[in-house]
Amino acid sequence: MAHQETKTSMNLCARNLQSSDLRGQNSSEQIRNRELKIFSAVLSVLLIVLLPVFSVTYLPGVDLPNHLARHYIGHALNNSLDLQTFYTFDWRLIPNLAGDAIASLLDDFLHIHDVGRAIFALSLSLWVIVPVVLNRVLWGRFSAWPLFVALVVYNGNVAWGFENYVLGSALAVLAFVVWVGTDKMRLDLRLLLFTMIATLVYLGHLLAFGFLGLSVVTYEVGRSFRAADVTKFLLIKKVAFTIFPFSPATIHFIAVTLQAPPTHGSGTAYDMPRQLFQALLSPTSAFQASVDIVVFLVVSLSLYISIRVFGWLKVHPTMVPVLWCTALVAAIMPTLLLGVGFTDIRLPFVVVALVIASCRFEGGRLPQRLLTVLFLGALCLRVGTLLVSWRAHEIEVTELVASFRQLPMAPRILVVSAPEEGTQLIHYHSASYAVIERHAFLPNLFTGGFPLKTVPELRRLDHPQPTPLPLHYLDDALRAGGDALSYLPGRPHVFWRTWWQDFTHVLVFGKGEQLNCLSNLLNPVSDGSFFVLYSVQTRTQADRRLKGVEGC
């Protein structure tokens, strides 16, 4: 009898174990299926987001042509006597190298425009993938919710072509993921690893490094305050250990970067209230006013209703201090910081991305479907309108590049803007394509804070101004006899004062019908739909024709 009871008990145990194994297998299979669906969703969103990038040759982005020209010079300089006449390229440790470093790895294998696309695609891909990974590290499981971040991937920083910052900030968030995910690692190894990572982020972009330091410190301080046994000594110790990985880069910044002569000046300025409005819309700003507002409303209202009204989204407690501090810094960021412009739009989209990545979706099927429909509708609207506008931009740049191909090699081009129409914002740096096509010299390439420099004899012409000169400045220089302009108040660097001697061509954006005295010196080379390209008379012809300037 006892033997029969024992046998029965063993059979029951075996069946229970078998049932438990089956449940475990089913649970593991469900997790794998769920993660497979999420990975498929990530891939699908990536393909949609990157569609505009691979649909054109000339990517929009105000500063992007200037960056591509610099990458091209860095690659082709050693094999081009024309470029060596104008430029030098000096690799050194500066906190603005993210795009240049990637370009140096790719330009032996890809055409320069493909290099630009690769950097662009890498940056956008990281901004889609990294929030998903951060959400996984915080909550312990993968979720499709962080893909909502795709709605802010095309933001003001991308529209302005801030190549190094867009890539550097994505790497900074990835570095933050590494810090959070290595919490159980041995302390000395963790500090050593993260010191190297933080230094690399610093070299990628200074503002990205600042964000990384802010997020890591506030994350650890917030965790310390949440601990039951926190003391003042333990808090100070925690802060000291947290700050340590940022010390080498900070020392380099103070000792080297701050001591270097400023590239664009050293001013800091606020521009209220335009600044607040610009910063508020920057997470969804792609220079498409109506679509920008629609996407902004979808993102902002979805987050507010889901978090504050219905509680569909729950913010991870450890991320609350990070979000509040980052949002505060974003709100007080000046428009101009140490000579660097548009610093007020750098952090807002990062804050929105962090909010999305920090949340766990806890709503039911109905809100899930509602948010999915809103997300897909807004994403398709954004990508569809980008495809249309980018292809229109492609047609214009193709026309401009074709005009550059009519020029001889090594021209020196001065870019100006006609008074009536001015220059479209997106074409502020489109003249930089002349560097790629004809190894041209342009005074407004980004130098100083980058590896690129002009040769000493041309440094007086080096002026990386953000906008083309007004056309009438050239006429003023002719009437003033050139040298007199060097003493005008408010114009400490009047590099165009003898433009007819220093430049071989003038590119006028808009239609320059009213040339006045300039018609004595300029011959049209190409008349485009939004520009006119002129050649400047040779020195002898110019001197002869300048005699008639006073009578114009």
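Residues numbered from 1 in each chain as written. Predicted model: local features only at pLDDT ≥ 70, side-chain atom pairs only at ≥ 80, totals over all residues. Heavy atoms only, no water.

### As for helix H5 (residues 112-139)
Turning to step 1, where the next piece is worked out: Taking 1.5 Å as the rise per residue, H5 with 28 residues should run 40 Å; its terminal C-alpha atoms sit 41 Å apart, in good agreement.
Turning to step 2, where the next piece is worked out: Along H5, the largest kink reaches about 25° and is centred on Trp 127; proline Pro 131 follows within four residues of it.
Turning to step 3, where the next piece is worked out: Looking one or two places after H5, you find Gly 140, whose phi comes out positive at around 85°. (Helix = DSSP H or I, 4+ residues; strand = E, 2+ residues; numbered from the N terminus. Expected span 1.5 Å × (residues − 1). Bend = angle between axes of the 7 residues up to and from the residue.)

### Remarks on the sheet that holds strand S9 (residues 505-509)
Turning to step 1, where the next piece is worked out: Taken together, five strands build an open sheet; the order of strands is S8-S6-S9-S11-S10 and the sheet is mixed. The sheet is open, and its two edges are formed by strand S8 (469-470) and strand S10 (522-527), each paired on a single side.
Turning to step 2, where the next piece is worked out: Judged from the five bridges that link them, S9 and strand S11 (residues 531-536) form a sheet pairing that is antiparallel. For Phe 509, the partnering residue across the bridge sits in S11 and is Phe 531.
Turning to step 3, where the next piece is worked out: Packing against the sheet, helix H16 (residues 365-404) makes contact with strand S6 (413-417), S9, S10 and S11, and its axis sits at approximately 15° to S11. (Pairing = 2+ DSSP bridges. Contact = heavy atoms within 4.5 Å. Axes fitted to C-alpha atoms, helices over the stretch in contact; angles between N-to-C directions.)

### Re the pairing of S10
Turning to step 1, where the next piece is worked out: Sheet topology places S10 next to S11; five bridges connect them, and they run antiparallel. Looking at the pairing, Asp 527 lines up with Val 532 of S11.
Turning to step 2, where the next piece is worked out: Connecting the antiparallel pair S10 and S11 is a turn made up of three residues.

### Looking at the nonpolar core
Turning to step 1, where the next piece is worked out: If you look at the biggest cluster of nonpolar residues, it comprises 163 residues, and the most contacted ones within it are Leu 212, Leu 414, Trp 496 and Trp 499.
Turning to step 2, where the next piece is worked out: If you tally residues by element for this core, the top one is H5, at 14 residues.
Turning to step 3, where the next piece is worked out: With residues up to four places along the chain from it excluded, the contact list for Leu 414 reads Pro 443, Leu 469, Leu 474, Phe 495, Trp 496, Trp 499, Phe 503, His 505, Val 506 and Leu 507. (Core = buried A, V, L, I, M, F, W, Y, C linked by side-chain atoms within 4.5 Å. Buried < 20%, exposed > 50% of the residue type's maximum accessible area, 1.4 Å probe, protein only.)

### Remarks on the pattern of salt bridges
Turning to step 1, where the next piece is worked out: By the definition in use, this model includes 11 salt bridges.
Turning to step 2, where the next piece is worked out: With a closest N to O distance of 3.9 Å, Glu 220 and Arg 190 form a salt bridge. With Glu 220 in helix H9 (residues 206-226) and Arg 190 in helix H8 (residues 187-204), this residue pair connects regions lying 30 residues apart in the sequence. Like Glu 220, the residue Arg 190 is buried in the burial classification.
Turning to step 3, where the next piece is worked out: Notably, a salt bridge pairs Arg 382 with Asp 292, separated by 2.9 Å at the nearest N-O pair. (Salt bridge = Lys/Arg side-chain N within 4 Å of Asp/Glu carboxyl O.)

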